[in-house]
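Observations on chain architecture
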Amino acid sequence: MSKKGFIFDLDGVIVDTAKYHFLAWKALAKSIGIDFSVEQNEQLKGVSRVRSLEKILAWGNKTISNEQFTTLMQKKNDEYLSYISQMGESEVLPDVPRIINSIIKSKQGIALGSASKNARQILKKVSLLGVFDAIVDGNDVTKAKPDPEVFLKGAEALDIKPEHCIVFEDSVAGIQAANVANMISIGIGDKDVLHEADYIYKDFTELSPEFLETLIKR
Ligand code: BG6
Ligand code: MG
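Summarised in this report is the structure supplied together with it. Keep in mind the model is a prediction, meaning the values are calculated, not measured.

The rules we used
- Residues numbered from 1 in each chain as written.
- Chains lettered and ligands numbered in written order.
- Predicted model: local features only at pLDDT ≥ 70, side-chain atom pairs only at ≥ 80, totals over all residues.
- Heavy atoms only, no water.
- Pairing = 2+ DSSP bridges.
- Helix = DSSP H or I, 4+ residues; strand = E, 2+ residues; numbered from the N terminus.
- Axes fitted to C-alpha atoms, helices over the stretch in contact; angles between N-to-C directions.
- Donors = N, O, S within 2.8 Å, 3.2 Å for Na, K, Ca; no water.
- Buried < 20%, exposed > 50% of the residue type's maximum accessible area, 1.4 Å probe, protein only.
- Near = heavy atom within 4 Å.
- Polar contact = N/O pair within 3.5 Å; in protein donor to acceptor, adjacent residues only side chain to side chain.
- Areas by Shrake-Rupley, 256 points an atom, 1.4 Å probe, with all protein chains shown as cover.
- Nonpolar A, V, L, I, M, F, W, Y, C, P; charged D, E, K, R; others polar.
- Right-handed = clockwise from strand over helix to strand, strands pointing away.

**Some points on the sheet that holds strand 2 (residues 109-113)**
If you trace the 6 strands from one edge of the open sheet to the other, you get 3-2-1-4-5-6, paired in parallel fashion. Because the sheet does not close on itself, it has two edges, and the strands there are strand 3 (134-136) and strand 6 (199-201). Across the sheet, the mean angle separating the axes of adjacent strands is 20° when strand polarity is ignored. Of the pairings in the sheet, the one linking strand 4 (residues 165-169) to strand 5 (residues 184-188) comprises 4 bridges and is parallel in character. Paired with Val 167 across the strands is Ser 185, a residue of strand 5.

So, in structure tokens, the structure goes:
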């Protein structure tokens, strides 16, 4: 039985920061006269900061200068970081510690695969920075999800073949990235949104020890 690599997305999987991204983008968009829906927000999940702003501008049919683009990205991140600064361990999503502890106890690989450039800061806030064998985040990749780069780099850092890796993701882009990487994709969230995933759970409380064992032994 070969060792498996478990790769966790961060925002919306380990912590509920997806709601902070939403609030910060919503306020930013409003400041330039653009509104977008909860459904459209699904398209922002998992994708890079640059790509998110490009999408919002396209929704509002707006073109801006490079300088304005940089300013708006900064503004969004400042607002986002003001939410992050308030975070604590209680914001780790239900049963995430249980799953992480089982993976570590059974001596499998564990990595973070996030698009966020704020990943380490957030992990530190919730005291989870030390649990990963490898961390690949928005500072390490050039191509955003749905490109598989972030997960392939995670597998490489763990020294585990992609086909022996399992990805936990809350975004459509992330599920697509895991599928292209030839990894097992596990959607955490709404089954109608994440239907491209190999398995879907509402949250980690639904993920049984038996299922985890099956993933390790497969
Ligand atoms: C992803 C989020 O994890 O990170 C996206 O789902 C976000 O919403 C992306 O845009 C980049 O994050 P950050 O923190 O670098 O702006
Ligand atoms: Mg996410």
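**Looking at the coordination of the magnesium ion (ligand 2)**
In this structure, Asp 9 (OD), Asp 11 (O) and Asp 170 (OD) serve as the protein donors to the magnesium ion (ligand 2), at separations of 2.0 to 2.1 Å. In primary-sequence terms, the residues that donate to the magnesium ion (ligand 2) follow D-x1-D-x158-D. One end of the pair, Asp 11, is in the loop between strand 1 (5-8) and helix 1 (18-31); the other, Asp 170, is in the loop between strand 4 and helix 8 (172-180), and 159 residues separate them in sequence. Residue Asp 11 is classed as buried on the basis of its relative accessible area, which comes to 12%. Here Asp 170 falls in the buried class, since its relative accessible area comes to 8%.

**Describing the site of ligand 1**
The environment of ligand 1 is formed by 15 residues, the closest being Asp 11, Arg 49, Ser 116, Lys 117 and Asn 118. Here an oxygen atom of ligand 1 sits 3.4 Å away from a polar atom, N or O, in the main chain of Leu 44. Relative to its unbound accessible area of 390 Å², ligand 1 is 97% covered by the protein chains. Of the residues belonging to the shell around ligand 1, the class tally is 4 nonpolar, 7 polar and 4 charged.

**Section: the pairing of strand 4**
A large share of strand 4 lies buried, amounting to 5 of its 5 residues. Side chains Cys 165, Val 167 and Glu 169 of strand 4 all project onto a buried face; the interleaved residues Ile 166 and Phe 168 project onto the opposite face, where all are buried too. One ladder, built from 4 bridges, connects strand 1 with strand 4; its direction is parallel. Paired with Ile 7 across the strands is Val 167, a residue of strand 4. Since strand 4 and strand 5 lie parallel, the crossover through helix 8 that links them has a hand, and here it is right-handed.

**A look at unusual backbone geometry**
The omega torsion of the bond from Lys 145 to Pro 146 falls at 20°, within 30 degrees of zero and hence cis. With respect to the helices and strands, Pro 146 occurs in the loop between strand 3 and helix 7 (149-158). At Lys 107, a residue that is not glycine, the phi angle is positive and equals roughly 60°. Its identity as a non-glycine residue notwithstanding, Asp 159 has a phi of 60°, on the positive side. Within the element layout of this structure, Asp 159 appears in the loop between helix 7 and strand 4.

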